Amino acid sequence: ATPGPAPSYEGVIREHEAYVAALGDAGLTVGILPPLEEFPDSVFVEDPALVFGEGAILLRPGAPSRAGEREPMREVLARHFETVLELEAGELADGGDVMVTPDVVFIGLSARTNHAGAEALVAGSNDATTTAAISTGRSRFVRIDGVDIGDPPLSPSRDLEAPAYDRRVGPVHA
């Protein structure tokens, strides 16, 4: 496939404004956070926190370049939620490795999310009626919010390699 034109700053701003407007038209309130210029991956705000109706969990992404995002995110979460749980040192979890559905929370293990972090996410909840599923091992393609490109690169005709999951009944909401 031939790549399209390079994105322009002005074009990206227009797309973001249109996205915010569409969310507003759908009845959502959008909060715009100040940029964290020293953390270029901070635009992916879903990675350092999981947000539920009842509260939030401040994650600890395994990528060292993301560690400095925790403090600013902690302040934002505290303004919006009465309950904010936090992962402890050694408990690594990245929001990109977690997918929340109405029935199951899937937690993938990767370089960004370790088993201790996945277990902490399960233990940190108070809704014993929801199932959490933790990957039983690492896969070449673990990222849930996007697929890591493998070698050879993925193609639409190729099946994805997906990890098996250990289903556990336990709390998954903050």
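Details of the structure are given in the entry above.
Everything numeric here is computed off the predicted structure, so don't read it as measured data.

Novice: Is there a simple way to explain helix α2 (residues 70-80) in this structure?
Specialist: Structurally, the α-helix is built with 3.6 residues per turn, so residues lying three or four positions apart point the same way. All of the buried residues along α2 are R70, M73, V76 and L77. For α2, the angular spread of the buried residues around the axis is 125°, confining them to a single face. Those residues of α2 that are exposed and aimed more than 90 degrees away from the buried face are A78 and R79. In this fold, the buried residues of α2 make contact with β1 (49-51), β2 (56-58) and β3 (84-86).

Novice: Would you explain the pattern of salt bridges in this entry?
Specialist: Between side chains of opposite charge, a pair can form when the charged atoms approach closely. Taken as a whole and judged by the stated rule, the model has 5 salt bridges. The shortest N-O distance in the salt bridge between R70 and E86 comes to 3.1 Å. Pair noted here: R70 is in helix α2 and E86 is in strand β3, with a separation of 16 residues, a long-range link. Residue classification places R70 among the buried positions, given a relative accessible area of 8%. Classification of E86 as partly exposed rests on a relative accessible area of 33%. With a closest N to O distance of 2.8 Å, R74 and E86 form a salt bridge. Highlighted residues: R74 in helix α2 and E86 in strand β3, separated in sequence by 12 residues. If you follow the salt bridges from partner to partner, you end up with R70, E71, R74 and E86 in one network.

Novice: Whenever I open this one, the nonpolar core confuses me. Can you help?
Specialist: Side chains that are nonpolar tend, in soluble globular proteins, to be buried together. Counting 16 residues, the largest nonpolar core has L50, I57, L59, L87, I107 and L121 as its most contacted members. Ranked by the residues each element gives to this core, the list is headed by helix α3 (residues 115-123), at 4 residues. Core analysis: the next-biggest nonpolar cluster, separate from the first, contains 6 residues, A49, A56, L58 and M73 among them.

Novice: So what exactly am I meant to see when it comes to the pairing of strand β5 (residues 104-107) here?
Specialist: The two faces of the sheet receive side chains in turn, since in a regular strand these alternate between them. As paired strands, strand β4 (residues 98-100) and β5 are joined by 3 bridges and run antiparallel to one another. Of the residues in β5, the one forming a bridge with V98 is I107. Counted along the chain from β4 to the antiparallel partner β5, the turn is 3 residues long.

Novice: Would you mind showing me how to read the side chain of D47 here?
Specialist: Mapped onto the fold, D47 is located in the loop between α1 (9-25) and β1. Of the polar contacts made by the side chain of D47, one reaches the backbone nitrogen of G96; its length is 3.2 Å.

Novice: What exactly am I supposed to notice about the layout of surface pockets here?
Specialist: Regions of empty space are outlined by a rolling probe, equal in size to a water molecule, passed over the atoms. Space inside the largest pocket adds up to approximately 1800 Å³. If you trace the largest pocket, you find 40 residues lining it, with G31, I32, L33, V43 and V45 closest to the centre. Tallied by class, the residues present in the lining of the largest pocket amount to 28 nonpolar, 6 polar and 6 charged.

Novice: How should the environment of S110 be read in this particular structure?
Specialist: As for its position among the elements, S110 is in the loop between β5 and α3. Separated by 25 residues in sequence, S110 and S135 have C-alpha atoms that sit 9.4 Å apart. Within the structure, the side chain of S110 is placed 2.5 Å from the side chain of D97, a separation counted as a polar contact. One polar contact links the side chain of S110 to the main-chain amide nitrogen of R112, over a distance of 2.9 Å.

Rules used throughout
- Residues numbered from 1 in each chain as written.
- Predicted model: local features only at pLDDT ≥ 70, side-chain atom pairs only at ≥ 80, totals over all residues.
- Heavy atoms only, no water.
- Buried < 20%, exposed > 50% of the residue type's maximum accessible area, 1.4 Å probe, protein only.
- Helix = DSSP H or I, 4+ residues; strand = E, 2+ residues; numbered from the N terminus.
- Arc of directions from axis to C-beta.
- Contact = heavy atoms within 4.5 Å.
- Salt bridge = Lys/Arg side-chain N within 4 Å of Asp/Glu carboxyl O.
- Core = buried A, V, L, I, M, F, W, Y, C linked by side-chain atoms within 4.5 Å.
- Pairing = 2+ DSSP bridges.
- Polar contact = N/O pair within 3.5 Å; in protein donor to acceptor, adjacent residues only side chain to side chain.
- 1 Å grid on protein atoms, 1.4 Å probe; cavity = no way out; pocket = protein on both sides within 12 Å on 5 of 7 lines; lining within 4 Å.
- Points joined across faces, edges and corners; volume = space filled by probe spheres on them.
- Nonpolar A, V, L, I, M, F, W, Y, C, P; charged D, E, K, R; others polar.

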